[in-house]
Amino acid sequence: MKKEKMKETILPESRDAAFRDLVLKTPVGEKIPTCMQCGICAGSCPVSHEMDYTPRQLVRMVQMGLKKEVLNSNTIWICTTCFSCSVRCPRGIRPTELMEVLKPIAIAEGIKNKNAKFDGIFSDVIKKTGRASEFLLISKYSLSEPSMIKQAPFGLSLMAKGKLPLRADRMEDARELEAIFRAEEKKPDAKGKEAQK
Ligand code: SF4
Ligand code: SF4
């Protein structure tokens, strides 16, 4: 099992009961109070070393209503939705789905960080082309994130080896896909309106 990083003590005044209740009322929230902090989810997670809080910690933070820390954490964006935590949790808690519940709340709250930005650009590229075009993804993200300049030599070496084609792959007809996205965006939950109540 991977060792979890030590964190600073979170003060009780950052608790937000309304946020906790909002998450607990969602379909994934019902079992969250039963978490016994066994850490199986954190030990199963292939990307927990990149997260500022492991899935185990995030579940506990939701139980405590630590809204600011939960919504600002990179954990919800780093998750690859591999479902390892959800299938292994002995209490039937589904941390994978919890991340998907938290994302629209974070967006509705105006949380901005580079992980959220990458997620937004990735969704836009998929919406417009129907493909995870590496060229479009990297070029759009690089334009919006100045720290990406450090990756320029790596990108150039990939291009030189033909690993990063300078073209945007597109599906034949992306209109149906766009219609699916549009329908989803019209749902109140997708815009996080529930979160703002
Ligand atoms: S595996 Fe389930 S019960 Fe164990 S810490 Fe993770 S969420 Fe909690
Ligand atoms: S679904 Fe996300 S949080 Fe769960 S194990 Fe996979 S990457 Fe980690």
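Residues numbered from 1 in each chain as written. Chains lettered and ligands numbered in written order. Predicted model: local features only at pLDDT ≥ 70, side-chain atom pairs only at ≥ 80, totals over all residues. Heavy atoms only, no water.

J.: Help me understand the overall build of the chain in this model?
T.: Scanning the chain for helices and strands turns up 12 helices and zero strands. Taken from the N to the C terminus, the helices and strands of the chain come in the order α-α-α-α-α-α-α-α-α-α-α-α. In the chain, which comprises 197 residues, the proportion classed as buried is 35%. In the chain, once contacts between residues fewer than 6 apart in sequence are set aside, the share between residues at least 24 apart is 69%. As displayed, the chain has an accessible area near 12300 Å², and 56% of this comes from carbon and sulfur atoms. (Helix = DSSP H or I, 4+ residues; strand = E, 2+ residues; numbered from the N terminus. Buried < 20%, exposed > 50% of the residue type's maximum accessible area, 1.4 Å probe, protein only. Contact = heavy atoms within 4.5 Å. Areas by Shrake-Rupley, 256 points an atom, 1.4 Å probe, with all protein chains shown as cover.)

J.: I tried to follow the site of ligand 1 on my own but got confused; where do I start?
T.: In the neighbourhood of ligand 1, the contacting residues comprise Cys35, Met36, Gln37, Cys38, Gly39, Ile40, Cys41, Arg56, Cys89, Pro90, Arg91 and Ile93. Tallied by class, the residues present in the shell around ligand 1 amount to eight nonpolar, two polar and two charged. (Near = heavy atom within 4 Å. Nonpolar A, V, L, I, M, F, W, Y, C, P; charged D, E, K, R; others polar.)

J.: Mind showing me how you'd approach the site of ligand 2 here?
T.: Residues in close proximity to ligand 2 total 14 residues, the closest being Cys45, Cys79, Cys82, Phe83 and Cys85. By residue class, the composition of the shell around ligand 2 is 10 nonpolar, four polar and no charged.

J.: Which parts of the structure should I look at to understand the packing of aromatic side chains?
T.: Given two aromatic rings, one states the distance between the centres and the angle between the planes to describe the pair. All told, the structure shown has two aromatic pairs when counted by the stated rule. With a centroid separation of 6.5 Å and 25° between ring planes, the pair formed by Phe118 and Phe122 is classed as stacked. With Phe118 and Phe122 both in helix 8 (residues 114-129), this residue pair falls four residues apart, about one helical turn. Given the relative accessible area of 34%, Phe118 is considered partly exposed. Taking the centre distance of 5.1 Å and the plane angle of 85° together, the rings of Phe118 and Tyr141 count as edge-to-face. Remark: Tyr141 occurs in helix 9 (residues 134-144) and Phe118 occurs in helix 8; sequence separation between them is 23 residues. The exposure class of Tyr141 is buried, given its relative accessible area of 9%. Connected via pairs of aromatic rings, a cluster forms that spans Phe118, Phe122 and Tyr141. (Phe/Tyr/Trp six-rings, centres within 6.5 Å; stacked < 30°, edge-to-face > 60°.)

J.: Can you walk me through the packing of helix 1 (residues 17-24) against helix 7 (residues 95-108) in this structure?
T.: Packed helix pairs are characterised by how far apart their axes lie and by the angle those axes make with each other. Interhelical geometry of helix 1 versus helix 7 gives an angle of 130° and a closest axis separation of 11 Å. With respect to each other, helix 1 and helix 7 are oriented oblique. Between helix 1 and helix 7 lies a crossing of right-handed hand. The residues of helix 7 that touch helix 1, namely those facing Phe19, Leu22 and Val23, are Leu98, Val101, Leu102 and Ile105. Taken together, the residues that form the contact of helix 1 with helix 7 break down as seven nonpolar, no polar and no charged. (Axes fitted to C-alpha atoms, helices over the stretch in contact; angles between N-to-C directions. Parallel < 35°, antiparallel > 145°, perpendicular 65-115°, else oblique. Left-handed = near helix turned anticlockwise from the far one by under 90°.)

J.: Help me understand the environment of Ile138, please; the structure alone is not making it clear to me.
T.: In this fold, Ile138 is placed in helix 9. Given the relative accessible area of 35%, Ile138 is considered partly exposed. Placed 16 residues apart in sequence, Ile138 and Phe122 show a C-alpha to C-alpha distance of 9.4 Å.

J.: Teacher, can you tell me more about the pattern of salt bridges here?
T.: Counted under the stated rule, the structure contains nine salt bridges. The residue Glu100 makes a salt bridge to Lys103 at a minimum N-O spacing of 3.2 Å. With Glu100 and Lys103 both in helix 7 and three residues apart, the pair spans about one turn of that helix. Note on Glu100: relative accessible area 37%, which makes it partly exposed. Residue Glu145 pairs with Lys117 through a salt bridge whose shortest N-O separation is 3.1 Å. In this pair, Glu145 sits in the loop between helix 9 and helix 10 (152-160) while Lys117 sits in helix 8, placing the two residues 28 residues apart along the sequence. Given a relative accessible area of 32%, Lys117 falls into the partly exposed group. It is possible to trace a salt-bridge network through shared partners that takes in Glu100, Lys103 and Asp119. (Salt bridge = Lys/Arg side-chain N within 4 Å of Asp/Glu carboxyl O.)

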